[in-house]
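Fold and contact review
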Amino acid sequence: LARLSLRDNHFNDADAAVLANSLSSNTNLRALNVDGNNFTEEGRVAFLRAIFDVSSLASCAASNHNCQVFGLEKDISALNCYNEDYPNKLEKIFAMLALSGDDSFINTALLRGIPTYLIPKLLDKVDDQEE
């Protein structure tokens, strides 16, 4: 199953939490449409955390990088827009590094615990993304 439409099912935030939790272990679903349900910001955040957990780099890397979620009040369907999970994962990690720094390009606090030999590889990937 690659696409699933759950439009107009009267789901609520508790249902959103269950659905979002199922995304963490699902690597086949590419698109989920939840338009017309009764989700508030709480339900939206449940889906957002499933596909882009910003609590740490490890959590971000463990997020679902395959499924696009459509139909939420504040649209998050731009996440996971690539056909493969690897570029989706890289884009999220780079976004975390770039957007979470207060006064610098990269938030180096997020790099604590990352082996130093991986830093050049990370920077090389950043350079690849810019091209």
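My aim in this report is to walk through the structure given alongside it, one point at a time. What you see as residue numbers is a count from 1 along each chain, following the sequence as written. Only residues with pLDDT of at least 70 are given local features in this predicted model, and only at 80 or more are side-chain atom pairs given and counted; all residues enter the totals for whole chains, interfaces and linings. Processing note: side-chain calculations cover all non-hydrogen atoms of the structure and skip hydrogens and water entirely.

1. Here's the deal with the packing of helix 1 (residues 13-23) against helix 2 (residues 41-51)
In the contact formed by helix 1 and helix 2, the axes pass within 8 Å of each other and the chain directions differ by 5°. Considered as vectors, helix 1 and helix 2 are oriented roughly parallel to each other. Taken together, the residues of helix 2 that come into contact with helix 1 (itself represented by Asp13, Ala16, Ala17, Leu19, Ala20 and Leu23) are Glu42, Gly43, Ala46, Phe47, Ala50 and Ile51. Grouping the amino acids of the contact of helix 1 with helix 2 by side-chain chemistry returns 9 nonpolar, 1 polar and 2 charged. Axis lines are fitted to C-alpha atoms, over the contacting stretch for helices. Their N-to-C directions set the angle, which ranges from 0 to 180 degrees. Where helices and strands are cited, they refer to DSSP runs of H or I of at least four residues and of E of at least two residues respectively, numbered from the N terminus. Here the word oblique covers every angle except those under 35 degrees (roughly parallel), over 145 (roughly antiparallel) and from 65 to 115 (roughly perpendicular). Contact criterion: two residues are considered in contact whenever any of their non-hydrogen atoms come within 4.5 Å of each other. Under the grouping applied here, Gly and all other residues not named as nonpolar or charged are polar, the nonpolar ones being Ala, Val, Leu, Ile, Met, Phe, Trp, Tyr, Cys and Pro and the charged ones Asp, Glu, Lys and Arg.

2. Regarding the nonpolar core
In this text, buried Ala, Val, Leu, Ile, Met, Phe, Trp, Tyr and Cys residues form a nonpolar core when linked through side-chain atoms within 4.5 Å. Whether a residue is buried, partly exposed or exposed follows from its accessible area with a 1.4 Å probe, protein chains only, as a fraction of its type maximum: under 20%, in between, or over 50%, in that order. Counting 25 residues, the largest nonpolar core has Leu23, Leu32, Val34, Phe47, Val69, Leu72 and Ile76 as its most contacted members. Mapped by element, the contributors of at least two residues to this core are helix 1, helix 2, helix 3 (57-62) and helix 4 (85-99). In contact with leucine 72, not counting residues within four places along its chain, are Val34, Phe39, Arg44 and Phe47.

3. Re the packing of aromatic side chains
Only Phe, Tyr and Trp rings are paired, with Trp represented by its six-membered ring, and only when their centres lie within 6.5 Å; those with planes under 30 degrees apart are stacked, over 60 edge-to-face, the remainder tilted. Within this structure, the stated rule accounts for 1 aromatic pair. Ring centres of phenylalanine 39 and phenylalanine 47 lie 5.6 Å apart, and the angle between their planes is 70°; this geometry places the pair in the edge-to-face category. One exposure class covers both phenylalanine 39 and phenylalanine 47, and it is buried.

4. Some points on the sheet that holds strand 1 (residues 3-5)
Spatial ordering of the open sheet is given by 1-2-3, a layout of 3 strands whose pairing is parallel. The open sheet has two free edges, formed respectively by strand 1 and strand 3 (68-70), since each of these has just one partner strand. On average, each strand axis in the sheet is inclined to that of its neighbour by 10°, with strand direction left out of account. Strands are labelled as partners when DSSP assigns at least two bridges between them.

5. Some details on the pattern of salt bridges
One side-chain nitrogen of Lys or Arg within 4 Å of one carboxyl oxygen of Asp or Glu is enough to make a salt bridge. Going through the model one piece at a time under the given rule, you end up with 2 salt bridges. Residue arginine 7 pairs with aspartate 35 through a salt bridge whose shortest N-O separation is 3.3 Å. You can see arginine 7 sitting in the loop between strand 1 and helix 1 and its partner aspartate 35 sitting in the loop between strand 2 (31-33) and helix 2, a full 28 residues away along the chain. For glutamate 41, the salt bridge is made with arginine 44, and the minimal N-O distance between the two is 2.9 Å. Here arginine 44 and glutamate 41 lie together in helix 2, a separation of 3 residues that amounts to about one turn. Given a relative accessible area of 40%, glutamate 41 falls into the partly exposed group. Take arginine 44: its relative accessible area is 14%, and that puts it in the buried class.

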